[in-house]
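Results of the structural survey
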Amino acid sequence: MPEVLLFIKDFELGSKISSVCVDHEKNVEFSDESTDPKNFPTKAQLAVIDMDVKVFSSVGLISELKRHGLKIIGIMKKINNRENSKLKSAGCDIIISKSSIVKNMPSLISEFL
């Protein structure tokens, strides 16, 4: 059962994040906008969401993930204060730039899992 859900459409970035998770013995599942929240794995503890993809950056998805008790890492190409505060108030635990997510993923796994 996956512990990490990836809501990422960028195949290269998703593969890199997935590799880091697997290297730290965490199972990963890629999800998309058609994934039914009722089908989220019960062992899932962390979601990484590409906030630059319009269908993933909705407050509804973030709230639904929070209701399932997941920690949420939002990733964006460029972080601005308005979006940052909106997403954090919706339930994101941290917003991090795409350029640094792969490098910081090991410490984020340690912190959140």
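Quick note: structure is the one above.
Anyway, here's the lowdown on the structure attached to this text. (Residues numbered from 1 in each chain as written. Predicted model: local features only at pLDDT ≥ 70, side-chain atom pairs only at ≥ 80, totals over all residues. Heavy atoms only, no water.)

We now examine the overall build of the chain. A count of helices and strands for the chain gives 4 helices and 5 strands. In sequence order, the chain lays out its α and β elements as β-α-β-β-α-β-α-β-α. Relative to the globule expectation of 13 Å for 113 residues, the C-alpha radius of gyration of the chain, 13 Å, shows essentially globular dimensions. For the C-alpha atoms alone, the extent of the chain along its principal axes is close to 35 × 30 × 25 Å. Looking at the chain as a whole, 44% of its 113 residues are labelled buried. Residue pairs in contact within the chain that sit at least 24 positions apart in sequence constitute 63% of those at least 6 positions apart. (Helix = DSSP H or I, 4+ residues; strand = E, 2+ residues; numbered from the N terminus. Rg over C-alpha atoms; globule rule 2.2 N^0.38 Å. Buried < 20%, exposed > 50% of the residue type's maximum accessible area, 1.4 Å probe, protein only. Contact = heavy atoms within 4.5 Å.)

The next subject is the packing of helix 2 (residues 59-67) against helix 3 (residues 81-90). Running from amino to carboxyl end, helix 2 crosses helix 3 at an angle of 35°, the nearest separation of the two axes being 9 Å. Between helix 2 and helix 3, the residues in contact are V59, I62 and S63 and K86, L87 and A90, respectively. When grouped by side-chain class, the residues that make up the contact of helix 2 with helix 3 number 4 nonpolar, 1 polar and 1 charged. (Axes fitted to C-alpha atoms, helices over the stretch in contact; angles between N-to-C directions. Nonpolar A, V, L, I, M, F, W, Y, C, P; charged D, E, K, R; others polar.)

What follows deals with the environment of F7. You can see F7 is positioned in strand 1 (residues 4-7). Taking the C-alpha atoms as reference points, F7 and D32, 25 residues apart in sequence, are found 5.8 Å from one another. When sequence neighbours within four positions are dropped, the list of residues in contact with F7 reads S31, D32, F40, A47, V48, I49, D50, F56, L61 and L65.

Moving on, we come to the pattern of salt bridges. Counted by the stated rule, this structure contains 7 salt bridges. A salt bridge links K9 to E33; the nearest nitrogen and oxygen atoms lie 2.9 Å apart. Linking K9 in the loop between strand 1 and helix 1 (11-23) with E33 in the loop between strand 2 (28-30) and strand 3 (46-50), this pair joins segments that are 24 residues apart in sequence. K86 is the partner of E83 in a salt bridge, and the nearest nitrogen-oxygen pair spans 3.8 Å. Taken together, the residues span about one helical turn, with E83 and K86 both in helix 3 at a distance of 3 residues. The class of K86 is partly exposed, set by a relative accessible area of 36%. In this structure, a network of salt bridges that share partners links the residues D50, D52 and K98. (Salt bridge = Lys/Arg side-chain N within 4 Å of Asp/Glu carboxyl O.)

This brings us to the packing of helix 1 against helix 4 (residues 98-112). Remark: helix 1 packs on helix 4, axes separated minimally by 9 Å, with the N-to-C direction vectors making an angle of 15°. One way to sum up the angle between helix 1 and helix 4 is to call them roughly parallel. Here helix 1 and helix 4 pass one another in a crossing that is right-handed. Here L13, K16, I17, V20 and C21 of helix 1 lie close against helix 4, whose contacting residues are K98, I101, V102, M105, P106 and I109. Each residue belonging to the contact of helix 1 with helix 4 can be placed in one class, and the counts come to 9 nonpolar, no polar and 2 charged. (Parallel < 35°, antiparallel > 145°, perpendicular 65-115°, else oblique. Left-handed = near helix turned anticlockwise from the far one by under 90°.)

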